[in-house]
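# Report on the structure
Below are the chains, spelled out letter by letter.
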Amino acid sequence: QVQLVESGGGLVQAGGSLRLSCAYSTRMFTLNTTAWYRQAPEKQRELVAAITRHGTTNYADSAKGRFTISRDNAENTVYLQMNSLKPEDTGVYYCSTSYTTIWGAQGTAWGQGTQVTVSS
């Protein structure tokens, strides 16, 4: 079972920055695409940014130019650097990854989420 542990959320004023971390274990599997999702109150979960195991990135239009997703394979961590934060960035941020086990099985895992609150 792939385990993802998010951290780095908190309360920040508009215009501020936060860096979210998603730590994972690589025992018996390979990560494919890892992504950050956001769920605002009473809204559906939406994709914020994604990164493939080869380093190709993809961003939601709302995140382009402000957020950067990256991965540190030595630290087994995927990061989401968020700058110029806006109140509409408020929500619970979830890390998710698709993976392949050493036996060839594929699956998707989710972290528990971390709260980000941006005050105006």
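A brief look at the structure comes next. (Residues numbered from 1 in each chain as written. Predicted model: local features only at pLDDT ≥ 70, side-chain atom pairs only at ≥ 80, totals over all residues. Heavy atoms only, no water.)

## A closer look at the pattern of salt bridges
- One pass over the full model with this rule turns up four salt bridges.
- We note a salt bridge from Glu46 to Arg38, for which the minimum N-O separation is 2.9 Å.
- Overall, Glu46 belongs to the partly exposed group, its relative accessible area being 37%.
- Taking relative accessible area as the criterion, Arg38 reaches 5% and is therefore assigned buried.
- The closest approach of N and O atoms between Arg38 and Asp89, which form a salt bridge, is 3.2 Å. One end of the pair, Arg38, is in strand 4 (residues 29-39); the other, Asp89, is in the loop between strand 8 (77-82) and strand 9 (91-101), and 51 residues separate them in sequence.
- Bridged by salt links that share partners, the residues Arg38, Glu46, Arg66 and Asp89 form one connected network. (Salt bridge = Lys/Arg side-chain N within 4 Å of Asp/Glu carboxyl O. Buried < 20%, exposed > 50% of the residue type's maximum accessible area, 1.4 Å probe, protein only. Helix = DSSP H or I, 4+ residues; strand = E, 2+ residues; numbered from the N terminus.)

## Some details on unusual backbone geometry
- With a phi close to 65 degrees, Glu42 is a non-glycine residue in the positive phi region.
- With respect to the helices, strands and loops of the structure, Glu42 is situated in the loop between strand 4 and strand 5 (46-51).
- Overall, the relative accessible area of 87% leaves Glu42 in the exposed class.
- Positive phi, close to 50 degrees, is recorded for Asn76, a residue that is not glycine.
- By the secondary structure assignment, Asn76 is in the loop between strand 7 (67-72) and strand 8.

## Considerations on the environment of Thr77
- Secondary-structure assignment places Thr77 in strand 8.
- A sequence separation of 27 residues divides Thr77 from Ala50, and the C-alpha atoms of the two residues are 13 Å apart.
- Once you skip the residues sitting within four places of it in the chain, Thr77 turns out to touch Ser21, Cys22, Ala23, Tyr24, Ser70, Arg71 and Asp72.
- A polar contact is formed between the side chain of Thr77 and the backbone oxygen of Glu75, at a distance of 2.9 Å. (Contact = heavy atoms within 4.5 Å. Polar contact = N/O pair within 3.5 Å; in protein donor to acceptor, adjacent residues only side chain to side chain.)

## Some thoughts on the nonpolar core
- One finds Trp36, Phe67, Ile69, Leu80, Met82 and Tyr93 to be the most contacted residues of the largest nonpolar core, which totals 27 residues.
- At the level of secondary structure, the elements contributing two or more residues to this core comprise strand 3 (18-24), strand 4, strand 5, strand 7, strand 8, strand 9 and strand 11 (114-119).
- For this core, the leading source of residues is strand 3, giving four residues.
- When sequence neighbours within four positions are dropped, the list of residues in contact with Leu80 reads Leu18, Arg19, Leu20, Trp36, Val48, Ala49, Phe67, Thr68, Ile69 and Tyr93. (Core = buried A, V, L, I, M, F, W, Y, C linked by side-chain atoms within 4.5 Å.)

## Some remarks on the packing of aromatic side chains
- Within the structure shown, the criterion is met by three aromatic pairs.
- Between Tyr37 and Trp110, the aromatic rings sit 5.0 Å apart at their centres with planes inclined by 50 degrees, giving tilted as the arrangement. In this pair, Tyr37 is assigned in strand 4 and Trp110 in strand 10 (residues 106-110), connecting sequence segments 73 residues apart.
- Judged by its relative accessible area of 23%, Tyr37 falls in the partly exposed class.
- If you follow Arg45 out to its NZ or CZ, it ends over the ring of Tyr94, 3.8 Å from the centre.
- Positioned above the aromatic ring of Trp110, the side-chain terminus of Arg45 is 4.8 Å from the ring centre. (Phe/Tyr/Trp six-rings, centres within 6.5 Å; stacked < 30°, edge-to-face > 60°. Lys NZ or Arg CZ within 6 Å of the ring centre and 35° of its normal.)

By themselves, these figures tell us nothing about what the structure is for.
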